[in-house]
Structure formats: structure tokens, C-alpha cells
Amino acid sequence: QVHLLESGGGLVQAGGSLRLSCAAAGGRVTVATMGWYRQAPGKQRDLVASITRDSSINYADSVKGRFTISRDNAENSVYLQMNSLKPEDAAVYYCSYVFGEYSFWGPGTQVTVSS
């Protein structure tokens, strides 16, 4: 079992920045595809960014150029740097860990963006 814990969420004004962290326990982030997803009230959970074991990265079009996903193998953590935040970025952000047929999710961290 892999346990994930997100942190770094909070309230920020539009145009501001926030850095989310995802700490993994029980599995190495180096062997997995790590992802950040978000879900706003009444909406589906959407992929924000992902990074594979060979460091291939992809972003949702809505965040490209503003968000950056990264991985720190020594810390066994994944990060999401969010800049130029917009009200539509407000959501619960979830960290995911996928390895083969196994998928794990963190409990999420709330990001609120005020205009």
C-alpha cells in the first residue's frame, strides 16, 4: 500500500502563487507515474499535470505555462508549482501514484483563489 499526503493548499488571491507537495510512503515515486488532479464542486476530477518514471511531463491546456510539476527522488515527493492563479483554478487538488495495475490517491488539499 502506498500512502500519499498532499500539503501546501490554502487561500491565495488571483495572480498569486502556491506550491503543493505530495509526500509518498510505501512506494518510490521514481518507479511510478505521478499526477496532480483537481476537482471543483459539481465537476469531474481532471488531470492537471503528470510526470512519468522517465520524466516525461504533460499538462492540461488550462495550466500550461503557469504550473510546473517536479519530482524530488531524495525526498520521495512530487510538487506542483502554481503561478498566476485564476479563480477557475480553485479546487481540491489530489496527488496520484500509478504503477502497473496499482493506483493510489491522497486525501486532497484545498486550493481557494479569490478574485
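Structure shown above.
Just so it is clear, the structure is predicted and the values come from calculations on it, not from any experiment.

Focus on the sheet that holds strand β1 (residues 3-7)
Spatial strand order, β1-β3-β8-β7: four strands in an open sheet with antiparallel pairing. Only two strands of the sheet have a single partner each, and these edge strands are β1 and β7 (67-72). The average undirected angle you get between the axes of adjacent strands in this sheet is 15°.

A closer look at the state of the cysteines
The full count for this structure, using the stated rule, is one disulfide. Disulfide pairing places C22 opposite C95 at an S-S distance of 2.0 Å. Across the S-S bond of C22 and C95 the torsion is about -80°, and the bridge reads as left-handed. Here the residue C22 occupies a position in strand β3 (residues 18-25), and C95 occupies one in strand β9 (residues 91-99), the gap between them amounting to 73 residues. The buried category is assigned to C22, whose relative accessible area is 0%.

Structural notes on the pattern of salt bridges
According to the stated counting rule, one finds two salt bridges in the structure shown. Residues D89 and R38 are paired through a salt bridge, measuring 2.9 Å at the closest nitrogen-oxygen approach. Taken as a pair, D89 in the loop between β8 (77-82) and β9 and R38 in strand β4 (residues 33-39) lie far apart in primary sequence, 51 residues in all. The burial state of D89 is the same as that of R38; both residues are buried. Within this structure, R38, R66 and D89 form a network of salt bridges that share partners.

The rules we used
Residues numbered from 1 in each chain as written. Predicted model: local features only at pLDDT ≥ 70, side-chain atom pairs only at ≥ 80, totals over all residues. Heavy atoms only, no water. Pairing = 2+ DSSP bridges. Helix = DSSP H or I, 4+ residues; strand = E, 2+ residues; numbered from the N terminus. Axes fitted to C-alpha atoms, helices over the stretch in contact; angles between N-to-C directions. Disulfide = S-S within 2.5 Å. Buried < 20%, exposed > 50% of the residue type's maximum accessible area, 1.4 Å probe, protein only. Salt bridge = Lys/Arg side-chain N within 4 Å of Asp/Glu carboxyl O.

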